[in-house]
Amino acid sequence: MRKILIVGGGAAGLMAARSAAISGGSDAQITILEHMEKCGRKIYITGKGRCNATNDCTRDEFLREVPRNPRFLYAALAALSPQRLMDDLEEMGCPVTVQRGRRVFPASEKASDVTRALTRDLERRGVQVQLHADVQHLLLDGDTCRGVRLASGHEIPADAVIVATGGLSASGTGSTGDGYRLAREAGHTVTPLRPSLSALESDETWMHELQGLSLQHVELSARTGKKTIYREEGEMLFTHFGISGPLVLELSSHLPDDPCESAIFLNLKPALTPEQLDARLLREIQGQERRQLGNLLCALLPSRFAAVFPSIIDLDPRKPAGELTREERHTLAGALQQLPLHVTGYRTIQEAIVTRGGVSVREINPSTMESRLVHGLYFAGEVMDVDAHTGGYNLHIAFSTGFLAGQHAVLGA
Ligand SMILES: Cc1cc2nc3c(=O)[nH]c(=O)nc-3n(C[C@H](O)[C@H](O)[C@H](O)COP(=O)(O)OP(=O)(O)OC[C@H]3O[C@@H](n4cnc5c(N)ncnc54)[C@H](O)[C@@H]3O)c2cc1C
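Here the structure is a predicted model, which means the values were calculated and not measured.

1. Side note on the packing of helix α1 (residues 11-24) against helix α14 (residues 393-411)
(1) Moving on: Running from amino to carboxyl end, α1 crosses α14 at an angle of 35 degrees, the nearest separation of the two axes being 7 Å. Considering the relative orientation of α1 and α14, their crossing is right-handed. Across the interface between the two elements, A11, A12, G13, M15, A16, A17, R18, S19, A20, S23 and G24 of α1 pack against L395, A398, F399, T401, G402, F403, A405, G406, Q407, A409, V410 and L411 of α14.
(2) Moving on: Residue composition of the contact of α1 with α14, by class: 14 nonpolar, 8 polar and 1 charged.

Here it is in structure tokens:
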């Protein structure tokens, strides 16, 4: 009987257990070791409780959403494509629905249904789950992994160990970064860990003053040197520390390790050409020459933003609109379409959606997810140095790499 231990019962660990149970049948004993009181705690909070489990796209479309190490995922996506995951979820009793941007959710829009479907399936397949089992060390015998040691000191032998401990984000769900320590113990390189899909901090007081203000249909762009690295329309939010919201999280995954190396711009009127915007400003001014600039801008911006906008570009908000020089009007129009947003850094990794960096994928065989350094040791999910944009891709990376790791760990190849 081949014994497989899976460290971590998140998306990657649950799927690893499922594929190991399917491939190993009655010849395998599969155990998930989970240090929390239940499995899949992070799944519950994904997609604002709705769980955007995958994206109904092709392999090439998927890989375009993976900014770092996309080629590492070829075999995992071949083993478990988004379409197969959707079929499998349906088969496990969790029907799915495809929504805007081909994002896939459980039809009930309840993340708990995904976890329930997976855990029930594992029960049916005889997978054992040990809760409150905190894995502290790997049992290493030269270049072979022979099991794990729990915090209690108890040692559990195994033929293969899959490390699926997640990253460092939202550690309250159990992902406390232990997998990085286990990987280092086994001689693996862990690339620098940073927040991704993260809000951005700024020291500009005007942003802090606008906290709570949400902007729809605006465009954010980012440039590093002369290269535009991001340009997208959507929704963003000012906060007490800077900026957040879907568009900002998405932008963050395109930015370099130090976001200050990029220049970020906000276009508040992306639907208008510069000429159309200038004509619009002229129209607003005509007949309202005595109106103060801060008031006049309410026709183009939310009132809170309109009140402070002129000062951001060194214009007096109380200045009568009719006294604006042509040059000042052009400065105003330019800023409405290309307002620099000076950011000073990411929010903490704890608050980010995913962790960028992790166990170096150069040291993991992409066809099997086995360590290239230690036999019998496998990795799956966010613990590895691979992350993606929003849209269901990160969970799919966890599910598909878990699937591949489980399949190969049980076969010992
Ligand atoms: C708020 C939020 C919303 C998100 N929404 C989405 C979304 O809608 N779609 C999407 O694609 N992605 C989303 N993500 C990202 C996605 O949830 C993760 O990328 C994914 O869950 C990673 O899966 P994983 O199995 O690798 O790690 P995790 O889900 O973090 O699981 C790791 C497991 O290992 C356990 N563990 C850790 N250390 C030990 C140890 N020493 N011993 C035993 N057990 C241990 C943990 O308790 C945990 O259960 C979201 C993330 C957050 C924070």
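2. Digging into α14
(1) Moving on: With 19 residues, α14 extends 27 Å from end C-alpha to end C-alpha; this agrees with the ideal 27 Å at 1.5 Å per step.
(2) Moving on: The buried fraction of α14 amounts to 18 of the 19 residues, a majority that puts the element mostly inside the structure.
(3) Moving on: Immediately downstream of α14, the backbone of G412 shows phi near 70 degrees, a positive value.

3. Topic: the pairing of strand β14 (residues 227-238)
(1) Moving on: Both strand β13 (residues 214-224) and β14 contribute to a ladder of 9 bridges, which runs antiparallel. Considered in β14, the bridge of E219 is made with E233.
(2) Moving on: Connecting β14 to the antiparallel partner strand β15 (residues 242-244) that follows it, the hairpin turn spans 3 residues.

4. Let's talk about the sheet that holds strand β20 (residues 377-379)
(1) Moving on: Overall, parallel pairing links the 5 strands, which are arranged β6-β2-β1-β10-β20 in an open sheet. Edge positions in the open sheet fall to β6 (128-130) and β20, since each of these has one partner strand only. Pairwise comparison of adjacent strand axes, ignoring direction, gives a mean angle of 20 degrees for this sheet.
(2) Moving on: Direction of pairing for strand β2 (residues 28-33) relative to β6: parallel, over a ladder of 3 bridges. Paired with L33 across the two strands is Q130, which belongs to β6.
(3) Moving on: Along the sheet, α14 contacts β1 (2-7), β2, β10 (160-163) and β20; its crossing angle with β10, the most-contacted strand, is approximately 170 degrees.

5. What about the sheet that holds strand β9 (residues 155-157)?
(1) Moving on: Taking strand neighbours across the sheet as the criterion, the 3 strands line up as β7-β8-β9 in an open arrangement whose pairing is antiparallel. Edge positions in the sheet fall to β7 (135-141) and β9, since each of these pairs with one other strand and no more. Taking the axes of each pair of neighbouring strands and ignoring which way they run, one obtains an average angle of 30 degrees across the sheet.
(2) Moving on: For strand β8 (residues 144-150) and β9, the ladder comprises 3 bridges, and the chain directions are antiparallel. Paired with V148 across the bridge in β9 is I156.

6. Let's talk about the site of the ligand
(1) Moving on: For the ligand, the set of nearby residues contains 40 residues, the closest of which are G8, G10, G166, G174 and G381.
(2) Moving on: Sorting the residues of the shell around the ligand by element identifies α1, α2 (41-45) and α14 as the ones contributing at least two each.
(3) Moving on: With 4 residues, the top contributor of residues to the shell around the ligand is α14.
(4) Moving on: Residues belonging to the shell around the ligand are distributed by class as follows: 16 nonpolar, 18 polar and 6 charged.

7. Considerations on the domain arrangement of the protein chain
(1) Moving on: Considered domain by domain, the protein chain is made up of domain 1 (2-195 + 355-411) and domain 2 (199-346).
(2) Moving on: Placing a centre on the C-alpha atoms of domain 1 and another on those of domain 2 gives a separation of 41 Å.
(3) Moving on: With 6 residues of domain 1 in contact, the opposing surface of domain 2 contributes 7 residues.
(4) Moving on: The class makeup of the residues in the side of domain 1 that touches domain 2 is 3 nonpolar, 2 polar and 1 charged.

8. Things to note about unusual backbone geometry
Peptide bonds are, in most cases, trans, and in most cases residues other than glycine have a negative phi.
(1) Moving on: Of note in this structure, H217 is not a glycine but carries a positive phi near 55 degrees.
(2) Moving on: Note that H217 resides in strand β13.
(3) Moving on: Here H217 falls in the exposed class, since 11 other C-beta atoms lie within 10 Å of it.
(4) Moving on: We note that D314 has phi near 60 degrees; this positive angle belongs to a residue other than glycine.
(5) Moving on: Turning to its location among the elements, D314 is positioned in the loop between α12 (303-312) and α13 (326-337).

9. Here we look at the pairing of strand β16 (residues 263-267)
(1) Moving on: Of the two faces of β16, the one holding I264 and L266 is buried and the one holding A263, F265 and N267 is not buried anywhere.
(2) Moving on: Two elements, β13 and β16, share 5 bridges in a ladder whose sense is antiparallel. Note that in β16 the partner of L220 across the bridge is L266.
(3) Moving on: Bridge count for β16 against strand β17 (residues 339-340) is 2 bridges, and the pairing is antiparallel. Bridge pairing in β17 links F265 to P340.

10. Brief notes about the nonpolar core
(1) Moving on: Counting 79 residues, the largest nonpolar core has I4, A16, V161, I162 and Y378 as its most contacted members.
(2) Moving on: If one sorts the elements of this core by residue count, α14 sits on top with 10 residues.
(3) Moving on: Excluding residues within four positions of it along the chain, I162 makes contact with I4, I6, V7, A16, Y378, A380, A405, G406 and A409.
(4) Moving on: Among the nonpolar cores identified, the runner-up in size contains 31 residues, and F238, V248, L268 and V354 belong to it.

So, how was this worked out
Residues numbered from 1 in each chain as written. Predicted model: local features only at pLDDT ≥ 70, side-chain atom pairs only at ≥ 80, totals over all residues. Axes fitted to C-alpha atoms, helices over the stretch in contact; angles between N-to-C directions. Helix = DSSP H or I, 4+ residues; strand = E, 2+ residues; numbered from the N terminus. Left-handed = near helix turned anticlockwise from the far one by under 90°. Contact = placed C-beta atoms within 7 Å. Nonpolar A, V, L, I, M, F, W, Y, C, P; charged D, E, K, R; others polar. Expected span 1.5 Å × (residues − 1). Buried ≥ 20, exposed ≤ 12 C-beta atoms within 10 Å, placed from the backbone. Pairing = 2+ DSSP bridges. Near = placed C-beta within 6 Å. Domains from an automatic or database assignment. Core = buried A, V, L, I, M, F, W, Y, C linked by C-beta atoms within 7 Å.

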